[in-house]
Amino acid sequence: MKEEAKRFLARLEELKGRKAWAPARAALRRSLAFEPGTYPPAIGVVEPLLPKEEGWTREAHYLVAALYALKDGAHQEGRTLAQALRERARDSASVERRFLTLLDADRDQIAFRLRQNVALVEGSLDFARLLEDLLAWFSPDRQVQARWAREFYRIGEKEEEVKA
């Protein structure tokens, strides 16, 4: 799963380096108003980058591509969404509430909740890690949500310790 996420991100990075990025970025950003994988202009952008998967795996790829476009391709390996939101939460109690709502999101809510939270982040994110986490989001053990909560509440700890 980790290699798949890195390959997908590499394809997005390659797209970002081409002239086609501006219209692709616009289509992907606009796709956030629709269910992942249902906005026709985004389909032409994302389908060539996708593995041959269906269901949530396909939707997660569409969602990450759209969020990548929302942040204009600002990728930073190692900076998870929970860490970025923790930095932002220092100034706002509402960030914590939105983050906790995201952790409890089901399949019908996840795209909307993620978009809300990513929009709050200043700077870049690790989009490969985000994709990995989304692919495991609906696991019954909820390990992803537990790890995100631990990362969010580790206020004052060094980033190296959070990655462990």
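Since we're looking at a predicted model, the values are computed, not measured.

Reading guide: rules and limits
Residues numbered from 1 in each chain as written. Predicted model: local features only at pLDDT ≥ 70, side-chain atom pairs only at ≥ 80, totals over all residues. Heavy atoms only, no water. Helix = DSSP H or I, 4+ residues; strand = E, 2+ residues; numbered from the N terminus. Rg over C-alpha atoms; globule rule 2.2 N^0.38 Å. Buried < 20%, exposed > 50% of the residue type's maximum accessible area, 1.4 Å probe, protein only. Contact = heavy atoms within 4.5 Å. Salt bridge = Lys/Arg side-chain N within 4 Å of Asp/Glu carboxyl O. pLDDT = per-residue confidence, 0-100. Axes fitted to C-alpha atoms, helices over the stretch in contact; angles between N-to-C directions. Parallel < 35°, antiparallel > 145°, perpendicular 65-115°, else oblique. Left-handed = near helix turned anticlockwise from the far one by under 90°. Nonpolar A, V, L, I, M, F, W, Y, C, P; charged D, E, K, R; others polar.

### Here's the deal with the overall build of the protein chain
Consideration 1: From N to C terminus, the protein chain includes 10 helices and zero strands.
Consideration 2: Overall, the protein chain shows an N-to-C arrangement of helices and strands of α-α-α-α-α-α-α-α-α-α.
Consideration 3: Radius of gyration (C-alpha) of the protein chain: 15 Å, near the 15 Å computed for a compact globule of 164 residues.
Consideration 4: Dimensions of the protein chain, computed from the C-alpha atoms along their principal axes, are close to 40 × 30 × 30 Å.
Consideration 5: Here the protein chain holds 164 residues, and 46% of them are scored as buried.
Consideration 6: Taking as baseline every contact in the protein chain between residues at least 6 positions apart, the subset at least 24 positions apart corresponds to 73%.

### Let's talk about the pattern of salt bridges
Consideration 1: Evaluation of the coordinates by the stated rule reveals nine salt bridges.
Consideration 2: In this structure, Glu 59 engages Arg 107 in a salt bridge whose closest nitrogen and oxygen atoms are separated by 2.7 Å. Taken together, the positions of Glu 59 in helix α4 (residues 56-70) and Arg 107 in the loop between α6 (93-103) and α7 (110-120) put the pair 48 residues apart, joining distant regions of the chain.
Consideration 3: A residue is classified by how much of its surface remains accessible, and Arg 107, at 38% relative accessible area, is partly exposed.
Consideration 4: Arg 79 is the partner of Glu 87 in a salt bridge, and the nearest nitrogen-oxygen pair spans 2.6 Å.
Consideration 5: Residue Glu 87 is classed as partly exposed on the basis of its relative accessible area of 31%.
Consideration 6: A relative accessible area of 11% places Arg 79 in the buried class.
Consideration 7: If you follow the salt bridges from partner to partner, you end up with Arg 129, Asp 133, Arg 147 and Glu 151 in one network.

### Here's the deal with the confidence of the model for the protein chain
Consideration 1: Averaged over the protein chain, the pLDDT score is 90; the fraction of residues at 70 or greater is 93%.
Consideration 2: Every residue in residues 159-164 scores below 50 in pLDDT, and together they form nine contacts with partners more than four places removed in sequence or on other chains.

### A closer look at the packing of helix α1 (residues 2-16) against α4
Consideration 1: Where α1 meets α4, the closest approach of the two axes is 11 Å, and the angle between their N-to-C directions is 40°. Relative to α4, the element α1 is oriented oblique. The two elements α1 and α4 cross, and the hand of that crossing is right-handed. Facing Glu 4, Phe 8, Leu 9, Leu 12, Glu 13 and Lys 16 of α1, the residues of α4 in contact are Thr 57, His 61, Val 64, Ala 65 and Tyr 68.
Consideration 2: In the contact of α1 with α4, the residues fall into six nonpolar, two polar and three charged.

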